[in-house]
Amino acid sequence: MKTNYDSLFEHNATLAKQCIAADAFVKTFPEKAASLYGKAVKTFLAVICCSNDIAFDRTKDLTPINMIGAAYSYGVISKYEKGVLDDMRYAAYLADNPRIAVKRIDTKTLLEKVISFFGMVMRYYHLENEQYSEDNLPIGNCEVISIIKSFEMDTAYDRVYLASEEGGGFAIVAQYALHRSEVADEVFSYLENEDIKRRFISCKTVLRPEVIPHQEGNNLICVKTSVPEGYVSLSFDDISNLYTEQRLKLIVNLAKVIFDLHTSERPLALGGFEPSDIWVSYKGLKCVVSGLESKVKSCVNTEGNVKADIKSFAYIAASLFPEYEDIPIAGLLIKHVLMGSGKSHMDRIYPVLKKEASHFTFESAQLDAFERSPSEFYEALKSGLLEIKEESASVPENGEEKEEAAAQEVNFDEMYSKVFND
């Protein structure tokens, strides 16, 4: 995995290893990270003094404060660089002696010091083009692979990452930062005080989140969702290789996930989800859904959240299984949702879909047999650019034929009402 000090290895492997070890705790235990950075400062000072023939009479004088003072008095480092080293040295000293510290150092404060120290080290080794990235930092036992989502004003999280776990497998990590916004602070307080492991204990088919261990009072809290081994993120390209019966099985399994979420002992709702929240095991075409880590406080089973989940399911079902219209009742329900009705619920959709899936046979085909791209179709549905309408026969101008066609024309809402409400 990429670290902030990969390029430093070629010049000073010992210093690079010390800095990488410290980086591992910056987001979770900044006090420990500061202490480890203190060791890196000593190593860097030893390099500076040795390279510039700065000697000391006694070994007890080989303290960071004396080495910084000597390097400055010899003109080896500037006043600014002396300040950077002093700042990092003092942070490490307070971390090692917490009783005299007025306040424990947090990630935000430490990062400001570390970035300045990083810049000084890179300049010394003529690596000025290197930049320190917060997104390269490990989070607990997770190594960041990529950023999935970034902060927006209507979200509580600061970042959502795709990460790899130490023992193998993937995890989704939502990072919450203090003072991002009012809603962020509200969720932050919730995470500090709520036992979310117990809160989501009834979740079976939706992946349960957990708070990553961290320093008390830190300005960051990270919530992790581990993905089961063998599951990969849903890809429209991968789904395109599946045949009709396989795609139908996947859609039925996805319906069960949302059905279980909405009808569990302590019902929850995601308030809508994306294809990237779906993880698939192609071995058995089973799926699980994540998303609770980034909506940890807003996953209440409200009518609005439930409807958003059902709509998300309908978008994905229609995109991955365009044959849905050939299923009599389940297809009617899905189309009803796509047309904007809020009457359909998963306790209607899932049982009917499961029953009909085992009774109906379709021509086996891959998605490339259809003219539309599943990803483009999904985006069009989601953005409202594609309006789903109930098809009706064109009415001829001949009077007698016109009356006969009008009699055959289906009133969609009336049909729905007769099937499900009578």
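Residues numbered from 1 in each chain as written. Predicted model: local features only at pLDDT ≥ 70, side-chain atom pairs only at ≥ 80, totals over all residues. Heavy atoms only, no water.

**Q** What exactly am I supposed to notice about the side chain of N12 here?
**A** Relative to the helices and strands, N12 resides in the segment before helix 1 (13–23). Among the polar contacts listed, one links the side chain of N12 to the backbone nitrogen of L15, at a separation of 2.9 Å. Here Y125 takes part through its side chain, which lies 3.0 Å from a polar atom of the side chain of N12. Look past the residues within four positions of N12 in its chain and what remains in contact with it is V47 and Y125. (Helix = DSSP H or I, 4+ residues; strand = E, 2+ residues; numbered from the N terminus. Polar contact = N/O pair within 3.5 Å; in protein donor to acceptor, adjacent residues only side chain to side chain. Contact = heavy atoms within 4.5 Å.)

**Q** What's the story with the packing of helix 11 (residues 328–338) against helix 12 (residues 346–357) in this structure? I'm lost.
**A** Each packed pair of helices is defined by two parameters, the angle between the axes and the distance between the axes. Orientation of helix 11 relative to helix 12, taken along the N-to-C sense of each, is 145°, at an axis distance of 8 Å. As helix 11 runs across helix 12, the sense of the crossing is left-handed. Contact residues: P328, I329, A330, L333 and V337 in helix 11; R348, I349, V352, L353 and E356 in helix 12. Classifying every residue of the contact of helix 11 with helix 12 gives eight nonpolar, no polar and two charged. (Axes fitted to C-alpha atoms, helices over the stretch in contact; angles between N-to-C directions. Left-handed = near helix turned anticlockwise from the far one by under 90°. Nonpolar A, V, L, I, M, F, W, Y, C, P; charged D, E, K, R; others polar.)

**Q** Please explain the packing of aromatic side chains as it appears in this structure.
**A** Ring pairs (aromatic) are described by centroid distance and by the angle formed between their planes. By the definition in use, this model includes eleven aromatic pairs. Taken together, a centroid distance of 5.3 Å and an interplanar angle of 70° make the contact between F118 and Y132 edge-to-face. One end of the pair, F118, is in helix 5 (residues 107–124); the other, Y132, is in the loop between helix 5 and strand 1 (142–150), and 14 residues separate them in sequence. Look at Y124 and Y125: their rings are 5.2 Å apart centre to centre, the planes differ by 80°, and that puts the pair in the edge-to-face class. Judged by its relative accessible area of 30%, Y124 falls in the partly exposed class. Judged by relative accessible area, which is 12%, Y125 ranks as buried. Here a set of aromatic residues connected by ring pairs shows up, and it is made of Y37, F44, F117, Y124 and Y125. Across the ring face of Y72, the terminal group of K82 is positioned such that the distance to the ring centre comes to 5.9 Å. (Phe/Tyr/Trp six-rings, centres within 6.5 Å; stacked < 30°, edge-to-face > 60°. Buried < 20%, exposed > 50% of the residue type's maximum accessible area, 1.4 Å probe, protein only. Lys NZ or Arg CZ within 6 Å of the ring centre and 35° of its normal.)

**Q** In this structure, what is going on with the nonpolar core? I would like to understand it.
**A** For soluble globular proteins, nonpolar side chains are generally found buried alongside one another. The biggest cluster of nonpolar side chains holds 74 residues, and the ones touching the most others in it are Y176, L191, I278, F313, L338 and L353. The biggest single contributor to this core is helix 9 (residues 244–263), with ten residues. Beyond its immediate sequence surroundings of up to four residues, I278 is in contact with V232, S233, L234, L254, F273, C287, V288, V289 and I316. If you look at the next biggest cluster of nonpolar residues, it comprises 42 residues, including L45, L111, V114 and V121. (Core = buried A, V, L, I, M, F, W, Y, C linked by side-chain atoms within 4.5 Å.)

**Q** What should I look at first to understand the pattern of salt bridges in this one?
**A** Within this structure, the stated rule accounts for 14 salt bridges. Across the pair K297 and E186 runs a salt bridge whose closest N-O atoms are separated by 3.1 Å. With a gap of 111 residues between them, K297 in the loop between strand 8 (286–289) and helix 10 (303–320) and E186 in helix 6 (residues 182–193) connect regions that are remote in the sequence. Note on E186: relative accessible area 45%, which makes it partly exposed. Between E274 and K382 there is a salt bridge, with the nearest N and O atoms lying 3.0 Å from each other. (Salt bridge = Lys/Arg side-chain N within 4 Å of Asp/Glu carboxyl O.)

**Q** Any chance you could explain helix 1 here in plain terms?
**A** Residues that lie three or four places apart on an α-helix share one face, since the helix turns once every 3.6 residues. Within the sequence span of helix 1, burial applies to L15, A16, C19, A22 and D23. The buried side chains of helix 1 occupy one side of the element, clustering within an arc of 125° when seen end-on. For helix 1, the side-chain oxygen to backbone nitrogen distance between the N-cap and T14 is 3.3 Å, and the N-cap itself is N12. (Arc of directions from axis to C-beta.)

**Q** I'm lost on unusual backbone geometry in this one. Help?
**A** Excluding glycine, residues mostly carry a negative phi; peptide bonds, for their part, are mostly trans. One non-glycine residue with positive phi stands out, namely D53, at about 55°. Mapped onto the elements of the fold, D53 is located in the loop between helix 2 (30–51) and helix 3 (64–73). A relative accessible area of 68% means that D53 is categorised as exposed. Here the phi dihedral of H179 falls at roughly 65°; this positive angle occurs in a residue that is not glycine. When you line up the elements, H179 lands in the loop between strand 3 (170–177) and helix 6.

**Q** It is not clear to me how the sheet that holds strand 8 should be interpreted in this structure. Could you clarify?
**A** Each strand in a sheet pairs with another by means of backbone hydrogen bonds, the pair being arranged parallel or else antiparallel. Strands sit in the order 6-7-8 across an open sheet of three strands; the sheet is antiparallel. Of all strands in the sheet, those with a lone pairing partner are strand 6 (232–233) and strand 8, marking the two edges. Where strand 7 (residues 278–281) meets strand 8, four bridges bridge the pair, whose relative direction is antiparallel. From the neighbouring strand, S281 faces strand 8, where its bridge partner is K286. Taken strand by strand, helix 9 contacts strand 7 and strand 8, and its axis lies near 35° from that of strand 8. (Pairing = 2+ DSSP bridges.)

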